[in-house]
Amino acid sequence: MTTTESGNSINSAGETALSISHVAAEASSFDTLKILYSIIGEQRVTPLFQPIIDLRSAELIGYEGSIRGPSDSLLHAPEKLLKASREFGVAYEMEMLCWSTIVSAFGRLKMNGNLFINISPDAILLNNFRMPHATPRCLPTFELPASRIVMELSDNDFGHDIVDWTALCESLNVYRAAGFKIAINDLGEWYLGMRRWSELRPNYVKIDRHFIQNVDRDPVKAQFVRSVLSIADKTHTDVLADGIETQDEMSIVQGLGVHFGQGYYIGRPTSQPSAVVPANVVRPLLMNSSGARKKTSNQTAVGSRILLTIPAVSHEATNDDVFKIIESEPFPHAIAVVDKEGCPIGLISRHVLIERLGRPYQHELYGRKPCTKFMDHNPLIVDRNIEIQELSFMMAEGDNRHLTNGFIVVEHGKYLGLGTGHDLMREITNMQIKAARYANPLTGLPGNVPINEHINQMLDSKKSFCICYCDLDHFKPFNDVYGYSMGDNVIQLTANVLTEIIDPNEDFLGHIGGDDFIAILCGDDWQIRCENVLKNFEEKIKLFFSTKDIENGGYVTENRKGEKEFHCITALSIGVVKVHPEMFSSALDLSVAATESKKKAKKIPGNSLYFNQRAYQSND
């Protein structure tokens, strides 16, 4: 034991332990610093790109670029890498490495759209980063104009003792003048976030993933999004929803009016990003943006699935009258109140009425009062022909009380019955299970069973329509040479271009399997739409081939015998049959004629359309 001059005792063993701990910490810090210098010096970072899409058109508008450290390092995660860089005073060098690596890869991969890339306010304010230094220097090499770069400034990087705001705004104005766009990423605390927005005047504002996750089930988050959109509209700012992880979240933010989105549901960060938006993302977006859901038959209407015929009461009825109905009816969840014409004006919840009249003296006090005393004056009222899918969106975007109280169903404005949130959720679940069972897993489009069901429904309706059998030419060699992953991307591309011509109110698109699709078009403009598909496909398929292959019209491979074979660029063939009432008796008969047309189309070189005139004339 050692005693100091002040009389304090120090255990030599404890002192040794502290010294060892201190030395270990210094050694660990030294190792981290060595790793950082190694990463910067050897440029050991990997660029990843996550797609960003337009939620209105389902088109790709660009990618957000990010970085990963060495996979065998503790600094692999970008958060740890950047945090360590700041702690050891090499943040600027690391940001420059990340910036140049991302921009270089973006140009080398010849990616389309804008590049969203993070940069800290501190880095912008450093003299070395100001125009015309670091950033523009790397742009001409890869022919990437400044107008295609969006500089993302994270709101989390703005400290309370922020750098000189005037200098930051002046620097950003220099970049704007050069063509760069500005975005605020991850709006933080409300007041501070609004202040940054007001002072920086960005082109884009990203809504933090916290407010997007479960936005379809959280009215408060939905209201936050509405508030951001309201400000964005007045400041002419584009809003981007970050962190979309489910189709429901995507549909809600689209319905609220958010124009752009990104997240794992749309596409994960990858070093080899696809140039095609997945078909399972495109289809619901285009269906929602059309303003109406697809109506194939009355079997999906609320009135034929979940209608409860519970008697309504007059607005002149008393609370006692309603209470007697509740007692006599088998478990009614609510009672509708109607006017003299039978039109609903409100809804009385069973739970609310029992709870209010069950209190001491309340029955005596309110029993003979008008029933309108305890009714909901703004219930959810829907027509019996509304589709279950449409109603589910209304319930998700509406007040939570509708899930508890249910909704009123009318026909021609008159009361018809009630529905419950529980029954609606049950039907939605059953429909999703059925859709998933028969949907193609790659594109999310209906498979063989729903295709045949829809064709038979169209034949039974005695309506004229066109059936288009779509098939890819020269797809198998492409799949063999470039791999199944690229093959899947081409199939998704085909689904996307076909989805663009579909009217969700009238038409139908199904995926038979492999590279075969069936489109049922009801408009007279079927030929124009098919020609647009072929033109669109011919342009977009070029993204999957090199410039040399495009110029040569194809590519050369070796077959199993070692012989050279030339394969043309993948093309799309469409065989069309115009169907009139009584022309075919079943989907099976029609499929034979459609297959014949498809075979004729495939005999035509390149992207082709064949119309079965013989089948059409046989009806006249």
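Q: So what about the sheet that holds strand S13 (residues 344-349)? Which residues, and what values?
A: Spatially, 3 strands are ordered S11-S12-S13 in an open sheet, and the strand pairing comes out mixed. Edge positions in the open sheet fall to strand S11 (313-314) and S13, since each of these has one partner strand only. In this sheet, S13 lies alongside strand S12 (residues 334-338) in antiparallel orientation, the contact comprising 5 bridges. When the bridges of S13 are listed, Ala334 appears paired with Ser349. Of the strands in this sheet, S12 and S13 are in contact with helix H13 (residues 350-357), which crosses S13 at around 60 degrees.

Q: Go over the side chain of His333 with me, naming the residues and quoting the values.
A: Following the sequence through the fold, His333 ends up in the loop between helix H12 (319-328) and S12. Looking at His333, the relative accessible area reads 18%, which means it is buried. Among the polar contacts made by the side chain of His333, one reaches the main-chain carbonyl oxygen of Asn405 at a distance of 3.2 Å. Filtering out sequence-adjacent residues up to four positions away, His333 remains in contact with Leu308, Ile310, Ser349, Arg350, Thr404, Asn405, Gly406, Leu418, Gly419 and Thr420.

Q: Please give an account of unusual backbone geometry that cites residues and values.
A: The backbone of Arg201 sits at a positive phi, close to 50 degrees, despite the residue not being glycine. Topologically, Arg201 is positioned in the loop between helix H7 (190-200) and strand S8 (204-207). At His474, a residue that is not glycine, the phi angle is positive and equals roughly 60 degrees. Tracing the chain through its elements places His474 in the loop between strand S17 (465-473) and helix H19 (475-482). In this structure His474 comes out as partly exposed when scored by relative accessible area, which is 38%.

Q: Run through the pattern of salt bridges, naming residues and quoting values.
A: According to the stated counting rule, one finds 20 salt bridges in the structure shown. Among the ionic pairs, Arg217 bridges to Asp216, the shortest N-O distance being 3.7 Å. Classification of Arg217 by relative accessible area gives exposed; the value is 61%. Taking the shortest distance from any N to any O, the salt bridge between Asp376 and Arg401 comes out at 2.7 Å.

Q: Please provide a residue-by-residue account of helix H21 (residues 526-540), values included.
A: Here H21 spans 21 Å end to end across 15 residues, near enough to the 21 Å set by a 1.5 Å rise per residue. Among the residues making up H21, those that are buried are Trp526, Arg529, Cys530, Val533, Leu534, Asn536 and Phe537. Viewed end-on, H21 has its buried residues packed into an arc of 170 degrees, placing them on one side of the element. Exposed residues lying more than 90 degrees from the buried face of H21 are Ile528, Lys535 and Glu539. Here the buried face of H21 lies against S17, helix H20 (484-499), strand S19 (516-521), strand S22 (571-579) and strand S23 (608-611).

Q: Talk me through H19; I want residue IDs and the actual numbers.
A: Taken residue by residue, H19 has Phe475, Pro477 and Phe478 as its buried positions. Angular distribution of buried residues about the axis of H19 spans 165 degrees; they occupy a single face of the element. Summarising the geometry of H19, the exposed residues directed more than 90 degrees from the buried face are Lys476 and Asp480. Backbone geometry just downstream of H19 places Gly483 in the positive-phi region, at approximately 100 degrees.

Q: Go over the pairing of S17, please, and point to the residues and values.
A: With respect to burial, S17 is a largely interior element, 9 of its 9 residues being buried. Going residue by residue along S17, you find Phe465, Ile467, Tyr469, Asp471 and Asp473 tucked away on one face and Cys466, Cys468, Cys470 and Leu472 tucked away on the opposite face as well. Here S17 pairs with S22 via 9 bridges, running antiparallel. Paired with Cys466 across the two strands is Lys578, which belongs to S22. The sheet contact formed by S17 and S19 spans 6 bridges and is antiparallel.

Q: How would you sum up the sheet that holds S22? Please name residues and give values.
A: With mixed pairing, the 5 strands of this open sheet are ordered in space as S18-S19-S17-S22-S23. Both outer strands of the open sheet, strand S18 (508-513) and S23, are each paired with one neighbouring strand and no more. Taking each pair of neighbouring strands and ignoring which way they run, the sheet shows an average axis angle of 20 degrees. Running at roughly 140 degrees to S18, helix H18 (residues 448-460) makes contact with S17, S18, S19 and S22 of the sheet. Contacting S17, S19, S22 and S23, H21 runs over the sheet at an angle of about 170 degrees to S22.

Q: Give me the confidence of the model for the protein: which residues, what numbers.
A: The predicted model of the protein has a mean per-residue pLDDT of 81, with 84% of residues at 70 or higher. Under a pLDDT of 50 for its full length, residues 1-10 has, in the predicted model, 9 contacts with residues more than four places off or in other chains. Counting contacts from residues 12-27, a segment whose pLDDT is below 50, to residues more than four positions away or on other chains yields 1 contact.

Q: Residue-level account of the packing of aromatic side chains, with values.
A: Under the criterion given, the structure shown has 12 aromatic pairs. When the centroid spacing of 5.3 Å and the interplanar angle of 85 degrees are considered together, the rings of Tyr175 and Phe180 count as edge-to-face. Using a relative accessible area of 1% as the deciding quantity, one classes Tyr175 as buried. Residue classification places Phe180 among the buried residues on the basis of a relative accessible area of 4%. Aromatic pair Tyr482 and Tyr555: ring centres 5.9 Å apart, planes at 80 degrees, arrangement edge-to-face. Residue Tyr482 is found in helix H19, and its partner Tyr555 is found in strand S20 (residues 554-558); the two are separated by 73 residues along the sequence. A residue is classified by how much of its surface remains accessible, and Tyr482, at 30% relative accessible area, is partly exposed. Residue classification places Tyr555 among the buried positions, given a relative accessible area of 5%. Ring pairs connect the aromatic residues Phe478, Tyr482, Phe545 and Tyr555, which therefore count as one cluster. Over the ring of Phe260 we find Arg56; its NZ or CZ atom is 5.4 Å from the centre of that ring. One residue, Arg268, lies across the ring of Tyr264, its end atom 4.0 Å from the ring centre.

Q: Outline the environment of Leu55, supporting the account with residue identities and numerical values.
A: The topology assignment puts Leu55 in the loop between strand S3 (46-54) and strand S4 (59-68). In this structure Leu55 comes out as buried when scored by relative accessible area, which is 0%. Not counting chain neighbours up to four residues away, the residues in contact with Leu55 comprise Met250, Val253, Gln254, Val258, His259, Phe260, Gly261 and Leu285.

Q: Tell me about the side chain of Gln262, residues and numbers included.
A: As for its placement among the helices and strands, Gln262 is situated in the loop between strand S10 (260-261) and helix H11 (279-289). Of note is the side chain of Gln262, whose polar atom sits 2.6 Å from the side chain of Lys206. Discounting chain neighbours no more than four positions away, the residues touching Gln262 are Gln50, Pro51, Ile52, Glu64, Lys206, Leu240, Ala241, Asp242, Gly243 and Ile244.

Cut-off values and rules
- Residues numbered from 1 in each chain as written.
- Predicted model: local features only at pLDDT ≥ 70, side-chain atom pairs only at ≥ 80, totals over all residues.
- Heavy atoms only, no water.
- Pairing = 2+ DSSP bridges.
- Helix = DSSP H or I, 4+ residues; strand = E, 2+ residues; numbered from the N terminus.
- Contact = heavy atoms within 4.5 Å.
- Axes fitted to C-alpha atoms, helices over the stretch in contact; angles between N-to-C directions.
- Buried < 20%, exposed > 50% of the residue type's maximum accessible area, 1.4 Å probe, protein only.
- Polar contact = N/O pair within 3.5 Å; in protein donor to acceptor, adjacent residues only side chain to side chain.
- Salt bridge = Lys/Arg side-chain N within 4 Å of Asp/Glu carboxyl O.
- Expected span 1.5 Å × (residues − 1).
- Arc of directions from axis to C-beta.
- pLDDT = per-residue confidence, 0-100.
- Phe/Tyr/Trp six-rings, centres within 6.5 Å; stacked < 30°, edge-to-face > 60°.
- Lys NZ or Arg CZ within 6 Å of the ring centre and 35° of its normal.

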